[in-house]
Amino acid sequence: MSGDAALLLALAAFGVGTGAASGLLGVGGGTLMVPFLTLAVGLSQHAAEATSLVVILPTAIAGSLALRRRGVGDLGLALRFGVLGALGAAGGALLALGLPATTLRVVFAVFLAMVGLRLVRDAVRA
Amino acid sequence: MTDQLLHAPGSLAERRPRRPLDLQLVAIGVVGGVFSGLLGVGGGVIMVPLLVLWAGYGQREAHALSLGAIIPISIGGILTFGFAGHVHWLDAVALTVGAVAGARFGAGLLTRIDERTLKIVFGCFLVAVAIAMGAHA
């Protein structure tokens, strides 16, 4: 029981970190939560992804409302293209069933590393 | 106060003028959504770079747009993943309690941080995510 309480506390603390990254970086935080939930908490890949998506929703709402109050961004526009993105998400989820997850992660990881380095390089040169 | 906010350097004045929903934004939303569905993430790590490098948004504006778009995208992902049976609700609630507080803090920071620092922080975050994902694979 105390182990459970400790785990929940650790999850809440980890959530503060992913939430802060989410609000600052405009991401959902799933890239941090999914590995944490599988590797540290021991959930299956499917359970980790589903749990992560459930956390992402209120996190994105809280961050977006805070930004809207401060006049940053255009929430109406974001929601409109996000609705179309939701259709893409449905397609992606179906596609995921037919693709090898490992290949997908490697390709995505290489892509992210390239983009990340380019952004840092741009900023450093600016 | 509003006037001050609008004209502070490195703040809202650097925003691009508001634009309508165009094909480019639609494409970015769909790509973000597909990645969200594929990997069970929000899709921001792909939408933010596209908004900045392809659509030409400022870093701050891109982050805010991405976060807003994640709201419907995550709903789509939750519905398609068929969340019944897979979600660990107690874990989700604990994470959410922390994440909502963290998001408010992070969003506050986003409004104050300068664009250049933000770009470097985001770039490093992407590289870290890439390493984590490569290790995970």
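Residues numbered from 1 in each chain as written. Chains lettered and ligands numbered in written order. Predicted model: local features only at pLDDT ≥ 70, side-chain atom pairs only at ≥ 80, totals over all residues.

K.L.:
Please clarify how the overall build of chain B should be interpreted in this entry.
P.N.:
Secondary structure summary: chain B contains six helices and zero strands in total. Going from N to C terminus, chain B has its helices and strands arranged as α-α-α-α-α-α. At a minimum sequence separation of 6, the contacts of chain B that also span at least 24 residues come to 55%. (Helix = DSSP H or I, 4+ residues; strand = E, 2+ residues; numbered from the N terminus. Contact = placed C-beta atoms within 7 Å.)

K.L.:
Please explain the interface of chain A and chain B as it appears in this structure.
P.N.:
The accessible area lost on association of the parts is a frequent measure of interface size. Facing 88 residues of chain A, the contacting portion of chain B comprises 88 residues. Looking at the side of chain A that touches chain B residue by residue, the classes come out as 56 nonpolar, 26 polar and six charged. (Nonpolar A, V, L, I, M, F, W, Y, C, P; charged D, E, K, R; others polar.)

K.L.:
Got a minute to help me understand the nonpolar core in this structure?
P.N.:
Nonpolar side chains in soluble globular proteins tend to be buried together. Counting 76 residues, the largest nonpolar core has Leu-112 of chain A together with Val-45, Val-48, Leu-51, Leu-95 and Leu-126 of chain B as its most contacted members. If one sorts the elements of this core by residue count, helix H3 (residues 45-69) of chain A sits on top with 11 residues. Excluding its chain neighbours within four sequence positions, the residues that come into contact with Leu-95 of chain B are Leu-11, Ala-12, Phe-14, Gly-15, Met-33 and Val-55 of chain A. (Core = buried A, V, L, I, M, F, W, Y, C linked by C-beta atoms within 7 Å. Buried ≥ 20, exposed ≤ 12 C-beta atoms within 10 Å, placed from the backbone.)

K.L.:
Explanation requested: the packing of helix H3 (residues 44-54) of chain B against helix H4 (residues 59-80) of chain B in the structure shown.
P.N.:
In a pair of packed helices, the angle between the axes and the distance between the axes together describe the arrangement. All names here are of chain B. H4 packs onto H3 with a crossing angle of 140° between their chain directions and a minimal axis gap of 9 Å. Overall, the two elements H3 and H4 adopt an arrangement that is oblique. Seen from above, H3 lies across H4 with right-handed handedness. Only Gln-59, Ala-62, His-63, Leu-65, Ser-66, Leu-67, Ala-69 and Ile-70 of H4 make contact with H3, whose side of the interface consists of Gly-44, Met-47, Val-48, Leu-51 and Val-52. Within the contact of H3 with H4, the residues separate by chemical class into nine nonpolar, four polar and no charged. (Axes fitted to C-alpha atoms, helices over the stretch in contact; angles between N-to-C directions. Parallel < 35°, antiparallel > 145°, perpendicular 65-115°, else oblique. Left-handed = near helix turned anticlockwise from the far one by under 90°.)

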